[in-house]
Amino acid sequence: MATDRAEAQDLHCRRLRWRSRRGMLELELVLAPFVTERLDRLSAADQALYEKLLDHDDWDIFEWIQGRRDIPDPDLVRIVEAIRAAAAL
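These figures come from a predicted structure and were not determined experimentally.

### As for the nonpolar core
Part 1 of the argument: Core analysis: the largest hydrophobic core is formed by 24 residues, its most contacted members being Phe 34, Tyr 50, Leu 53, Ile 65, Ile 79 and Ile 83.
Part 2 of the argument: Put simply, the parts of the chain that give this core at least two residues each are helix H1 (2-19), helix H2 (25-38), helix H3 (44-54), helix H4 (58-66) and helix H5 (77-87).

### Quick word on H2
Part 1 of the argument: In this model H2 runs 20 Å from its N-terminal to its C-terminal C-alpha over 14 residues, within 8% of the 20 Å that 1.5 Å per residue would give.
Part 2 of the argument: Three or more residues of H2 are buried, namely Leu 27, Val 30, Leu 31, Phe 34 and Val 35.

### Quick notes on the pattern of salt bridges
Part 1 of the argument: Tallied over the entire structure, the rule returns 10 salt bridges.
Part 2 of the argument: A salt bridge links Asp 40 to Arg 17; its shortest N-O distance comes to 2.6 Å. Of this pair, Asp 40 sits in the loop between H2 and H3 while Arg 17 sits in helix H1, and the two are 23 residues apart along the sequence.
Part 3 of the argument: Under the relative-accessibility criterion, Arg 17 is labelled partly exposed at 28%.
Part 4 of the argument: In this structure, the salt-bridge partner of Arg 78 is Asp 46, at a minimum N-O distance of 2.4 Å. Of this pair, Arg 78 sits in helix H5 while Asp 46 is found in helix H3, placing the two residues 32 residues apart along the sequence.
Part 5 of the argument: According to the relative accessible area criterion, Asp 46 is buried, its value standing at 17%.

### What to know about the packing of aromatic side chains
Part 1 of the argument: Summed over the entire model, instances satisfying the criterion amount to two aromatic pairs.
Part 2 of the argument: Look at Phe 34 and Tyr 50: their rings are 5.1 Å apart centre to centre, the planes differ by 45 degrees, and that puts the pair in the tilted class. A residue pair is termed long-range when its members are at least 10 positions apart, and Phe 34 in helix H2 and Tyr 50 in helix H3 qualify at 16 residues. Both residues of the pair, Phe 34 and Tyr 50, count as buried.
Part 3 of the argument: Between Trp 59 and Phe 62, the aromatic rings sit 6.2 Å apart at their centres with planes inclined by 85 degrees, giving edge-to-face as the arrangement. With Trp 59 and Phe 62 both in helix H4, this residue pair falls three residues apart, about one helical turn.

### Overview of the environment of Asp 55
Part 1 of the argument: Secondary-structure assignment places Asp 55 in the loop between H3 and H4.
Part 2 of the argument: Sequence separation between Asp 55 and Ile 83 is 28 residues; the distance between their C-alpha atoms is 16 Å.
Part 3 of the argument: A polar contact is formed between the side chain of Asp 55 and the side chain of Arg 19, at a distance of 2.7 Å.

Thresholds, definitions, all that
- Residues numbered from 1 in each chain as written.
- Predicted model: local features only at pLDDT ≥ 70, side-chain atom pairs only at ≥ 80, totals over all residues.
- Heavy atoms only, no water.
- Core = buried A, V, L, I, M, F, W, Y, C linked by side-chain atoms within 4.5 Å.
- Buried < 20%, exposed > 50% of the residue type's maximum accessible area, 1.4 Å probe, protein only.
- Helix = DSSP H or I, 4+ residues; strand = E, 2+ residues; numbered from the N terminus.
- Expected span 1.5 Å × (residues − 1).
- Salt bridge = Lys/Arg side-chain N within 4 Å of Asp/Glu carboxyl O.
- Phe/Tyr/Trp six-rings, centres within 6.5 Å; stacked < 30°, edge-to-face > 60°.
- Polar contact = N/O pair within 3.5 Å; in protein donor to acceptor, adjacent residues only side chain to side chain.

See below:
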């Protein structure tokens, strides 16, 4: 049972890594350190927030991470701040 949970978690992380590959190189370069260094250690709740973030348009995500625009969903603020920290922005 624990193995099934671990396998499901691994599959979920692999899917999030794949979804982190974006059409916008600048965004990929910002997401890459976060995905590499922190994704596996995120709680299930934070992984869900990251997944929710990835549902948005690349330009919106990039602008939020760069701090150029306010994040309209307050739930996403924590995950955007974690991405900024991983990318040392």
